[in-house]
Amino acid sequence: GAGVSQSPSNKVTEKGKDVELRCDPISGHTALYWYRQSLGQGLEFLIYFQGNSAPDKSGLPSDRFSAERTGGSVSTLTIQRTQQEDSAVYLCASSLVTGAGNQPQHFGDGTRLSIL
Amino acid sequence: AQTVTQSQPEMSVQEAETVTLSCTYDTSESDYYLFWYKQPPSRQMILVIRQEAYKQQNATENRFSVNFQKAAKSFSLKISDSQLGDAAMYFCAYRSTQGGSEKLVFGKGTKLTVNP
């Protein structure tokens, strides 16, 4: 597609349920990132994929959070046993990786997650 | 760890006037990248401008320019001839060139209002 696509756009679920958020990056972009944006806050890094591997997962807040990427394309962020503090907008971004390190990240519209 | 500080939670400007948004950062690295992103109510993060730390010349993109002061670790954004469509949240971001992670570190943002 032309841009980064995220689904669903909005998700409302009950506390304790598991949720899966999907990100489809720009075709040809080998790098993929997940960020979390809580209300009125900046973006908080969660995890970075290069191809199918995740060299940096230092931002995942707890072991309830996991992510995978298959085929070097689509990524899924899973949150198990959701808590109210997980409510946020989850943004995905992708970029080329050229070795020069100067490629910008292109963002999707995000998934707004609300935990009741 | 690197940090990014945006000291102005909110700013306002009259249409056609000029406004400057502040950003400072903390790092011990000599080579890195800096970005300004715009986030309108639609949630999508849009790249406004980027600067490589090794370049002394300030980056410009049409009505947008930066004042990069490496020694002071300052990276302000100037918007000239402000337009109603410039109203949005603006985020300053830092990216390291070391450590193998391509993640962005964001400030908390500045909400810009443009008055007609």
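The preceding data block contains the structure.
**Student:** Whenever I open this one, the overall build of chain A confuses me. Can you help?
**Tutor:** Regarding its fold elements, chain A presents 0 helices and 11 strands. Along chain A, helices and strands appear, N-terminal first, in the series β-β-β-β-β-β-β-β-β-β-β. With respect to the principal axes defined by its C-alpha atoms, chain A has extents near 40 × 25 × 25 Å. Of all 116 residues assigned to chain A, the portion counted as buried reaches 47%. Looking at chain A alone, contacts between residues at least 24 apart form 54% of all its contacts between residues at least 6 apart. About 5,300 Å² of surface is accessible on chain A, with carbon and sulfur atoms providing 45% of the total. For chain A, the centre of its 10 positive side-chain charges and the centre of its 11 negative side-chain charges are spaced 2 Å apart.

**Student:** What is the right way to look at unusual backbone geometry in this model?
**Tutor:** In the segment running from A:S7 into A:P8, the intervening peptide bond is cis, with an omega of -10°. By the element assignment, A:P8 lies in the loop between β1 (5-7) and β2 (10-13). Unlike most non-glycine residues, B:K73 shows phi in positive territory, near 55°. Topologically, B:K73 is positioned in the loop between β8 (64-69) and β9 (74-79).

Reading the values: rules and limits
Residues numbered from 1 in each chain as written. Chains lettered and ligands numbered in written order. Predicted model: local features only at pLDDT ≥ 70, side-chain atom pairs only at ≥ 80, totals over all residues. Heavy atoms only, no water. Helix = DSSP H or I, 4+ residues; strand = E, 2+ residues; numbered from the N terminus. Buried < 20%, exposed > 50% of the residue type's maximum accessible area, 1.4 Å probe, protein only. Contact = heavy atoms within 4.5 Å. Areas by Shrake-Rupley, 256 points an atom, 1.4 Å probe, with all protein chains shown as cover. Lys, Arg positive; Asp, Glu negative; His and termini not counted. Charge placed at Lys NZ, Arg CZ, Asp CG, Glu CD.

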